[in-house]
Amino acid sequence: MQEHDWLARLEGIESRIAYQEHWLDTLDQAVAAQETRLSALERMSELMQAKLRQQQHALSDASGEQASLEDERPPHY
């Protein structure tokens, strides 16, 4: 092969590597953003569950009865 052919092939390879590096950086940023959002949603879910437990305790205290787990309906009903 001639030197010109080698240089063209090398430039093509360098171009593809640069493109792949760009996409890896983009994907890395997307994963980091999703991780941040997932953490926030998990925290929000924990807070909502705690709030629901507080409300259930308040309702059971107000009615004077002790609510049991058997009285609760599963979430799919």
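Structure's up top.
Residues numbered from 1 in each chain as written. Predicted model: local features only at pLDDT ≥ 70, side-chain atom pairs only at ≥ 80, totals over all residues. Heavy atoms only, no water.

Asks: Is there a simple way to explain the overall build of the protein in this structure?
Replies: When helices and strands are tallied, the protein shows one helix and zero strands. Surface summary for the protein: the accessible area is close to 7,700 Å², and the carbon and sulfur share equals 57%. (Helix = DSSP H or I, 4+ residues; strand = E, 2+ residues; numbered from the N terminus. Areas by Shrake-Rupley, 256 points an atom, 1.4 Å probe, with all protein chains shown as cover.)

Asks: Which parts of the structure should I look at to understand the pattern of salt bridges?
Replies: Counted under the stated rule, the structure contains one salt bridge. With its nearest N and O atoms 3.5 Å apart, the salt bridge here joins E46 to R43. With E46 and R43 both in helix α1 (residues 3-63), this residue pair falls three residues apart, about one helical turn. (Salt bridge = Lys/Arg side-chain N within 4 Å of Asp/Glu carboxyl O.)

Asks: Any chance you could explain the side chain of S60 here in plain terms?
Replies: For S60, the location among the structural elements is in helix α1. Its relative accessible area of 10% is what places S60 among the buried residues. A polar side-chain atom of S60 sits 2.9 Å from the main-chain carbonyl oxygen of H57. (Buried < 20%, exposed > 50% of the residue type's maximum accessible area, 1.4 Å probe, protein only. Polar contact = N/O pair within 3.5 Å; in protein donor to acceptor, adjacent residues only side chain to side chain.)

Asks: What is the right way to look at a nonpolar patch on the surface in this model?
Replies: Where nonpolar side chains cluster on the molecular surface, the patch consists of Y19, W23, L24 and L27 and spans about 470 Å² of accessible area. Residue placement: L24 occurs in helix α1. (Patch = residues over 30% accessible without salt bridge, like charges linked within 9 Å, V, L, I, M, F, W, Y side chains within 5 Å.)

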